[in-house]
Structures are given as C-alpha cells and as structure tokens.
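# A look at the structure
Given next are the chains, with one letter for each unit.
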Amino acid sequence: MPSPTASLQLTHAACDAALQSIAIVLDDTQHTELDVLRTDFISLLSLIYAATTKLALALKPSSPTHTATLTPLKDLANHVTALSHCVRLFGQTHGSTFNQEITLAAKDVIVAVKALIRTFLDIEATPSPASTGMAGDEYMVRTGAVHEVITNIRSSLSKDNVAAVQKKLAQDHASLDDGFQEVDGMVNDQGSMDDASESDWEDDGWGELGIDSKVRMTSDELERTKKVHAILRLSTLLHKRIIKDILTIPSGQITLSSQVVENLDSLPPQSSSLVVASDELVATLYTPQNPSDISTELAAFAMVINSLQSIVQNLIHEPSLADQIQAISLQTPSTPQKDPKKWFQTCFAQIQKAIDSLSFILNTEE
C-alpha cells in the first residue's frame, strides 16, 4: 500500500504558498460584489472543514486507509489555494478594516490546516505509529482546531466594512469603560476613606509587608483625579455614541463613497489610540502623582481626541450618511432627540473644556 507522504508534502507546500500569496494585492479594477465574495469565502471554509474530516478518518493512526487520502489531500491543496485567491479579490475597494479581518481569518484557517498536515507527516515518519483512538491524540486535536477556527469564523465574520469597523470599536469600548471604572473607583475609594476613621484605613495588615493597599490622596491629587474622571466619562460616552449612531448604518441600503470608506477605516486605529491614551492617563493618577506626567499624557490624549473629532465631523457631514444617522437617532422615541451633528459637536466641546480645565490646574502648579 503506497505511503501518502508525497501527497501530504504537496498539500503542506500548498499551504505555504497560500500564506505567501495572500498578501499580494490584486488589481482593484476588478470589482466583484462583496456579497458574492463573502459567500464564496464561507463556501470554501465549508469545503475545507469537510476535507479535513475525511482526511482525519482516512489517516487514523490505528487503522489508516492510505488509498482514501488522495482525494481529501488534493481537495485541501486546491481549497487553501482558492481561499488565498478569494481573499485577494476583496482588495481595498470594500474597505481595509474588513479586508484585514478576512485576511486574518484566512491565515488562521490555513495555518491550522498546515499544522494538521505537519502532524500527519510526523506520524508517517514514525516507524510504528500508535493511537489510542481518543480525543487526546495529536491528529484529533489538530483536526478539532481546524474545525473550531472555521466554526468561529462562520459565526462571527462581519457582513461588510461598516460591521467590521463596529466590531473593532466595540472591542475597544470594553477597555475604555474599564479605564473609566478604574478612575471612578479611585474617586469613590477616597470618599470612603474620608468617611472612615484613621484606624480603619491605615491598619489593614499590608503595611507589615511594606505595601500600602489604601493610600489617601492629597486634596490636589483628588482634584486632578476628579478632572480626569470627568474627561473619561465624556470620552467613553462619545465612543459609545459613535458605535451607536454612526456605525449602525443599515447594510446595503446606501453606497458609500471612497472618502466615506476611508474615514470609516480611520476609526479603528484612532479608537485603539484612544484606549492607549486613556490607559496612560489613568496610570498617572496613582499616588504619589507627578503633575508633569499627567500634563504629558493629557496632551497626548487631547491629540487623539482632535484626530477623532476630524474623522467624526467628516462622517456626520457626509450627505450620503447624514440622513441615515438622523433616522437612527430618531428610532428611540422615549426621549426627545437632538440633532446628532449638534450632539457630537457639543460633546467634543465639553471634552475640550474639561481638558482645558485640568490643563489650567496643572499649569498653575508648575
């Protein structure tokens, strides 16, 4: 009975080639509809899922059927190659954020398939491969990994670029809220300390180890912390409204211009920068505070807000989006709705006012 080693090696090489070619951008003059490409992509994932299942059954170490491996191995080689080509067809036309998501998804699948093929090559190289037939076997773990990756992608892949941008910002929002809650806890803890007696917060046992678990802020430190608390409350609310009002455009109802797509794709990196700037600002609030450090991180935070404001203003004033944003804003009749353009303008103005207020205090302390 012939060994499947040669076919395994060819499939392994096909995975390597697919990973290398996936980064090559095709000519954007080819404008295939997004729905068509996405459907083809999902279909290829299903074919890869089925082929890996057949291969695992055919090459079960305890009772391999080498003659049954040729078809699934050939299919896998063809499918990973087709998957790479499919991803390249998306290009930047449909948005770089969605392109990044689907490229990463394809790479995860191909890497998982490659690891499975590598496992079978190692088994074939073993003089007397043994298998318990249990899920703990390496080949079954690798097969399960391919299936899990594909299942996750099929259930979570964004429908379009707007959804991909929304997903990125939603992930960042949890981190932003964590930072705000951290500062909120600082302010509340100081209030609790003020209400407690000295013995209640000074002698908690940690002092014997040289660690102060509760450190009372000075009045100046508490004032700075409250100012940052106000800034982060507003910026976290702003971030939430961007997701809610700007990134909930009904899919397929309007055609987005290249300028709108570019602005949308600018949101995720700015959102990530906002998370970093917020975290760095929060880190300066632990006692003892250094006003100079707070001032430096506040300036960095303000720069991110200014960049974000520029992007948001471009989007809310875009004619093709303005009516959609207005309609979304009016979908909640429980409270009187304001013009979303005015809301964002007011929110940015309030954030800048809060930043200026803290900057003034910091400057007077230098």
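This section reports on the structure supplied with the text. (Residues numbered from 1 in each chain as written. Predicted model: local features only at pLDDT ≥ 70, side-chain atom pairs only at ≥ 80, totals over all residues. Heavy atoms only, no water.)

### Focus: the overall build of the protein chain
Counted only if it meets this: We count a stretch as a helix when DSSP gives it H or I for four or more residues in a row; a strand needs E for two or more, and each element gets its number in order from the N terminus. Classification of residues uses two cut-offs on accessible area relative to the type maximum, computed with a 1.4 Å probe and protein chains only: under 20% is buried, over 50% is exposed, and between them is partly exposed. Working rule for contacts: check all heavy atoms of both residues, and any pair within 4.5 Å makes them a contact. Values of accessible area rely on a 1.4 Å probe in the Shrake-Rupley scheme; residue burial ignores everything except the protein chains shown.
Each helix and strand in the protein chain was counted, giving 12 helices and zero strands. Taken from N to C terminus, the helices and strands of the protein chain fall in the order α-α-α-α-α-α-α-α-α-α-α-α. A buried classification covers 43% of the 366 residues belonging to the protein chain. Long-range pairs, those at least 24 residues apart, make up 83% of the contacts in the protein chain with a sequence separation of at least 6. Accessible surface, the protein chain: about 18700 Å² in total, of which carbon and sulfur atoms supply 53%.

### Things to note about the nonpolar core
Formally: Grouping buried Ala, Val, Leu, Ile, Met, Phe, Trp, Tyr and Cys residues that are joined through side-chain atoms within 4.5 Å yields what is termed a nonpolar core.
Formed by 47 residues in total, the largest nonpolar core has its most connected members in Leu-238, Ile-242, Leu-247, Leu-267 and Phe-301. With 11 residues, the top contributor of residues to this core is helix 10 (residues 291–316). Every residue in contact with Leu-238, bar those within four places of it in the chain, is listed here: Leu-308, Trp-343, Phe-344, Cys-347, Phe-348 and Ile-351. Counting 44 residues, the second largest nonpolar core, distinct from the first, contains Leu-59, Val-80, Leu-83 and Ala-106.

### What to know about the side chain of Arg-88
To be explicit about the condition: As used in this structure description, the phrase polar contact means that two N or O atoms lie within 3.5 Å; if the pair is within protein, one of them must be able to donate a hydrogen and the other to accept it, and residues adjacent in sequence are counted only when both atoms belong to side chains.
Tracing the backbone through its elements, the reader meets Arg-88 in helix 3 (residues 70–90). At 3.4 Å, the side chain of Arg-88 and the backbone oxygen of Ser-21 are in polar contact.

### A few points about the pattern of salt bridges
Put simply, the test is: Salt bridge, as used here, is a side-chain nitrogen of Lys or Arg placed within 4 Å of a carboxyl oxygen of Asp or Glu.
The final tally for this structure, using the stated rule, is five salt bridges. The partner of Asp-16 in a salt bridge is Lys-114, and the shortest N-O contact between them spans 2.6 Å. Highlighted residues: Asp-16 in helix 1 (residues 5–21) and Lys-114 in helix 4 (residues 96–125), separated in sequence by 98 residues. For Asp-16, a relative accessible area of 25% gives the class partly exposed.

### Observations regarding the packing of helix 9 (residues 258–283) against helix 10
Formally: Axis lines are fitted through C-alpha atoms, for helices just across the contact stretch, and the angle between N-to-C directions can take any value from 0 to 180 degrees. If an angle is under 35 degrees, it is roughly parallel; if it is over 145, roughly antiparallel; if it lies from 65 to 115, roughly perpendicular; otherwise it is oblique. By definition, any crossing whose near helix is turned counterclockwise from its far helix by less than a right angle is left-handed, and any crossing with a clockwise turn is right-handed. Ten residues, namely Ala, Val, Leu, Ile, Met, Phe, Trp, Tyr, Cys and Pro, are considered nonpolar, four, namely Asp, Glu, Lys and Arg, are considered charged, and the remaining ones, Gly among them, are considered polar.
Packing of helix 9 against helix 10 brings their axes to within 9 Å, and their N-to-C directions diverge by 160 degrees. The pairing of helix 9 with helix 10 is recorded here as roughly antiparallel in orientation. Where helix 9 crosses over helix 10, the two elements pack in a sense that is left-handed. Residues Val-260, Asn-263, Leu-264, Ser-266, Leu-267, Gln-270, Ser-273, Leu-274, Ala-277, Ser-278, Glu-280 and Leu-281 of helix 9 touch helix 10, and the partners they reach there are Ile-294, Glu-297, Leu-298, Phe-301, Val-304, Ile-305, Ser-307, Leu-308, Ile-311, Asn-314 and Leu-315. Here the contact of helix 9 with helix 10 is composed, by residue class, of 14 nonpolar, seven polar and two charged.

### Observations regarding the environment of Lys-240
Relative to the assigned elements, Lys-240 resides in helix 8 (residues 219–246). Sequence spacing of Lys-240 and Asp-177 is 63 residues, and the spatial spacing of their C-alpha atoms is 9.7 Å.

### Topic: unusual backbone geometry
Each neighbour pair has its own omega, and for Thr-287 with Pro-288 the value is -5 degrees, a cis peptide bond. Counting through the fold element by element, Pro-288 comes out in the loop between helix 9 and helix 10.

### A short note on the packing of helix 2 (residues 34–58) against helix 3
Where helix 2 meets helix 3, the axes come as close as 9 Å, and the angle between the chain directions of the two elements is 160 degrees. Taken as axis vectors, helix 2 and helix 3 run roughly antiparallel relative to one another. Read as a crossing pair, helix 2 and helix 3 show a hand that is left-handed.

### Regarding the packing of aromatic side chains
Threshold: A pair of aromatic rings is counted whenever rings of Phe, Tyr or Trp (Trp by its six-membered ring) have centres within 6.5 Å, and the orientation is called stacked for planes under 30 degrees apart, edge-to-face for over 60 and tilted otherwise. Charge-over-ring contacts are defined here by two conditions on Lys NZ or Arg CZ: a distance within 6 Å of the ring centre and an angle within 35 degrees of the ring normal.
Applying the stated criterion across every chain, the model contains three aromatic pairs. Note on Phe-90 and Phe-98: the rings are 5.6 Å apart at their centroids and 55 degrees apart in plane angle, and the pair reads as tilted. An identical accessibility class is assigned to Phe-90 and Phe-98; each is buried. A ring pair is formed by Trp-343 and Phe-344, whose centres lie 5.2 Å apart and whose planes are at 85 degrees; its orientation type is edge-to-face. Residue classification places Trp-343 among the buried positions, given a relative accessible area of 18%. With relative accessibility at 1%, the residue Phe-344 sits in the buried group. The side chain of Arg-154 reaches across the aromatic face of Tyr-49, ending 5.2 Å from its centre. Taking NZ or CZ as reference, Arg-241 lies 4.1 Å from the ring centre of Trp-343, over its face.

### Focus: the environment of Thr-119
The residue Thr-119 is located in helix 4 in this model. Spatially, the C-alpha atoms of Thr-119 and Glu-138 are 7.1 Å apart, while their sequence positions differ by 19 residues. In contact with Thr-119, not counting residues within four places along its chain, are Glu-138, Tyr-139 and Arg-142. Here the side chain of Thr-119 touches Ala-115 through a polar contact of 3.0 Å, landing on its backbone oxygen.

### Here we look at the environment of Leu-45
Position of Leu-45 among the secondary structure elements: in helix 2. For Leu-45, a relative accessible area of 0% corresponds to the buried category. With 34 residues separating them in the primary sequence, Leu-45 and His-79 have C-alpha atoms 8.3 Å apart. Beyond its immediate sequence surroundings of up to four residues, Leu-45 is in contact with Leu-83, Val-109, Ile-150, Ile-153 and Arg-154.

These results come straight from atomic positions and should not be treated as a statement about function.
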